[in-house]
Amino acid sequence: MVWTGTWVAERLGVELIGDEELPALLGLALRRNPKRAHLLVSNVLGKHVPQRPSVVYGSGFGLGLRVRELLGDAEAARSVVLGYAETATALGHAVADGLGLAPYLHSTRRPVTGVARAGGFEESHSHATSHLLLPEDPKLLAGDGPLVLVDDEFSTGNTVLNTVRALHERYPRERYVVVALVDMRSAADLGRLDAFAAEIGARVDLITAATGTVHLPPGVLQKGQALVARHETPPPVPRAPHQAPVRVELTWPTGLPDGGRHGFTPDHRAILETALPGMADAIAEALPAPAAAERPTTPAPTHEAPEAREAREAREARETREAPAAPESPAQPPAGAQPPAGAGPRPGPRILVLGFEELMYAPLRLGTALEDAGHDVSYSTTTRSPVLAVDDPGYAIRTRLVFPAHDDPADGPGERYAYNVAGAGFDAVVLVVDSAADTPALHAPDGLLAQLAAHIPRVVLAVVPSYTPTASAIEAPERSSMLPEPLRGPAFSSYAPEEVGWLLQDLSDVELEAPTEEREEAIQSGGAHYAESLPVEYQPSERYQQLFQTALESSADRIARAVGTVTETVLAERSARPVLVSLARAGTPVGVLMRRWAQARHGLDLPHYAVSIVRGRGIDANALRWIAAHHDPADVVFVDGWTGKGAITRELAEALKEFDGFDPEIAVLADPGSCVRTYGTREDFLIPSACLNSTVSGLISRTVLRADLVGPDDFHGAKFYRELADADVSEAFLDAVTARFDEVAASVDTDVKELLAADRTPTWEGWAAVERISEEYGIHDVNLVKPGVGETTRVLLRRVPWKILAKRGADADLAHVRLLAEQRGVPVEEVDELPYSCVGLIHPQYTRGATGADGKAVVSQ
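Residues numbered from 1 in each chain as written. Predicted model: local features only at pLDDT ≥ 70, side-chain atom pairs only at ≥ 80, totals over all residues. Heavy atoms only, no water.

Undergrad: Got a minute to help me understand the overall build of the protein in this structure?
TA: Helices and strands together make up the secondary structure of the protein, namely 22 helices and 33 strands. Among the 861 residues that make up the protein, the fraction classed as buried is 60%. As presented, the protein carries roughly 32,300 Å² of accessible surface, and 51% of it is formed by carbon and sulfur atoms. (Helix = DSSP H or I, 4+ residues; strand = E, 2+ residues; numbered from the N terminus. Buried < 20%, exposed > 50% of the residue type's maximum accessible area, 1.4 Å probe, protein only. Areas by Shrake-Rupley, 256 points an atom, 1.4 Å probe, with all protein chains shown as cover.)

Printed below as a string of structure tokens:
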């Protein structure tokens, strides 16, 4: 029999070294992941490779028996078992079942409104990495008994170390037990666990089914990525389904958590064991019936709780079927992927029980119940992880189904996958989802049900009621440092939820606004930072609104061309699938437009987040941590509206020195100061989104950073001005520019070709001009000189302006600037040889009552 790692091993020189069981336990595949080219594909996990449920469950159950033997019954009863989402949720459950006496909790990537987080951690190499801990009883993790951590593989130890470090700070304990199917650490990683245990003063044990390592030759990541690019093919369009799915509403026991994300106790386990046979019978009624001559004899299950054994034996007696006696206690499962005795091929239809991402344990136990009833059953689940499929017997992933996420995930829409399902010869598939995932997207023409129906004759949809914790109002015993999911519209901002996720906290109910003069005096006296308060939102006059509309109509083509140019440059030079991170809030409309361009021209659905950066305080470090936990930092492209003198460009570069992998260069729509290499234009022209405040930026305020509101584990804050909805032109601005994309496409292609061949090294011409102006006008502070149309507009809307310098002949882009200057009694001085259309000067050494150069009082109007 060909080893399912042969194809990768021969092409990349990857070697699997270790116990003789390893080839039976593991195959190899390639994945679309910038951190690791290879994927160890387990044959006994039930994630990527369909396997008999008894083998999957038995593998974890046997490890749990070993943990119980290690700890002894007294310590086992004091312990808590923690599994990792998404791959090890069922494995951890099975370990807890084998341990028998301990409650179980698995991490999750699905937040639940109102449920306090008891902790969290990050998995650095995973495709989706941020883990939440949401126990219904927040005291579950607060004890001092052993903590048993279960994962499918122990590869570097980083995930376990991150978990233990995060939890040990809040809930210190003396003992940890790490459980994995395989220990694949390199020689360099072998000592890290012991060293970490000594560092925190705790004992750490390790239990695995097999041990080995993966030898990776030099350049394997790049070679693997090239192989993926060469063999990747677009997913096939699903054919018309053979028939509509058969729906089965499962009567899940009242009060029973659906999968362990909120905690699962030994009492829950007993309830489930009693209920499983009845649920299996309900599913079996919807399956193709075997011929009478094929009706199988029921073998004894390999692992079975006493309550389940009694229920099964009673059912079998009613059906007058004979079965061998069940063992008095579960036996150690065989190593490797071989099914237990009596579980060989059976007559009747071949059935696949297919779980759903984290929801692995409920489908697994339904699979074992069907197997116990004599059906020919395999088990696997869908996944978030993108893996290359190659139809070769020496490759672990033969086929791939691709479908959109159907559970409204908190991190936004995206592709999901089911591997080795198509073409595997199944006669029926039982798809098990919870009710939260039973959505229109699941039933859509391109959804998972249609994909399954195109390949398998009978599709059964089994729906488990989603569990709502009864203790959702209970606060965790300690404040969690786990970062929340991004805020999205319409709950926060007027943008559509897919347009942008705001990595901010909502401070809408906090009074943050202060009069402009008070803010200016406090800022310049050093008594407050500008990010500690907000200016009163400027409400434009009818005349000013008309100027905005005129400016939008006249500049939409120009903006669309710049959007296309900067987006195409990013795709060509930075990343084929960039993660757009706009600097809130001026950069956010630009990020939305870049995302729209990539979708319209290339069919790309790019992630887009907005983060806060504050001059003098740096970028929001927690937001960067969240992004790094969910995406490869190398794919992140920071986006802003324009450059002035380049202060934020320098601020970002300095802040990112503390973070690995991020490229500090900003992509901007306009770079008149010649501060960056990635831009749409270097002309200083009117961008209508600079003319207004929140009403052109999704109704979101400037960002706020104040110690009494933003703690060390919080995102920076901002306000959502819902009350300004009637004046909101955010969507109108985006739509007006988007409507011009087709018209400017040819010009964009020409611009990008020229830019890619040009020397775009920043000259920092703008910074030099600002320094010159600061000295020439006796200001002696570059922070009070705001160059460019956008920055000048900000001065007039938010600060106390002294005067405006306007480049002679630049009237076309300055009508709104002149109107604002007129309203505020600020002189406009015509100058030559200015690299910008205009420059705004903030009044130096401001105190209330100061006057402008023309003698007029500088006051808000």
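Undergrad: I keep staring at the sheet that holds strand β31 (residues 801–807) and nothing clicks. Help me out?
TA: Strand pairs in the sheet, formed through backbone hydrogen bonds, run parallel or antiparallel to each other. Spatially, the four strands line up as an open sheet ordered β30-β33-β31-β32, and their pairing is mixed. Looking along the sheet, the strands with just one partner apiece sit at the ends: β30 (785–787) and β32 (828–831). Recorded for the sheet is a direction-independent mean angle of 20° between the axes of neighbouring strands. Along the sheet face, helix α20 (residues 765–776) touches β30, β31 and β33 (838–842) and points at about 140° away from the line of β30. Against the sheet, helix α22 (residues 815–824) engages β31 and β32, with an angle of about 150° to β31. (Pairing = 2+ DSSP bridges. Axes fitted to C-alpha atoms, helices over the stretch in contact; angles between N-to-C directions. Contact = heavy atoms within 4.5 Å.)

Undergrad: How should I be thinking about the side chain of H631 in this particular structure?
TA: Positionally, H631 belongs in the loop between α16 (621–630) and β26 (636–642). Taking relative accessible area as the criterion, H631 reaches 17% and is therefore assigned buried. One polar contact links H631 to Y609, side chain to side chain, over a distance of 2.7 Å. (Polar contact = N/O pair within 3.5 Å; in protein donor to acceptor, adjacent residues only side chain to side chain.)

Undergrad: Help me out: how do you make sense of the pattern of salt bridges in this one?
TA: Should the charged atoms of two oppositely charged side chains come close, the side chains can pair. By the definition in use, this model includes 36 salt bridges. Linking R175 and D205 is a salt bridge whose minimum nitrogen-to-oxygen distance equals 3.1 Å. Within this pair, whereas R175 is found in strand β9 (residues 175–183), its partner D205 is found in strand β10 (residues 203–215), the two being separated by 30 residues in sequence. With a shortest N-O distance of 2.9 Å, R400 and E232 are connected by a salt bridge. Within this pair, whereas R400 is found in strand β14 (residues 400–404), its partner E232 is found in the loop between α7 (220–231) and β11 (246–249), the two being separated by 168 residues in sequence. For R400, a relative accessible area of 13% translates into the label buried. Given the relative accessible area of 24%, E232 is considered partly exposed. The structure contains a network of salt bridges with shared partners spanning D97, R269, E273 and R365. (Salt bridge = Lys/Arg side-chain N within 4 Å of Asp/Glu carboxyl O.)

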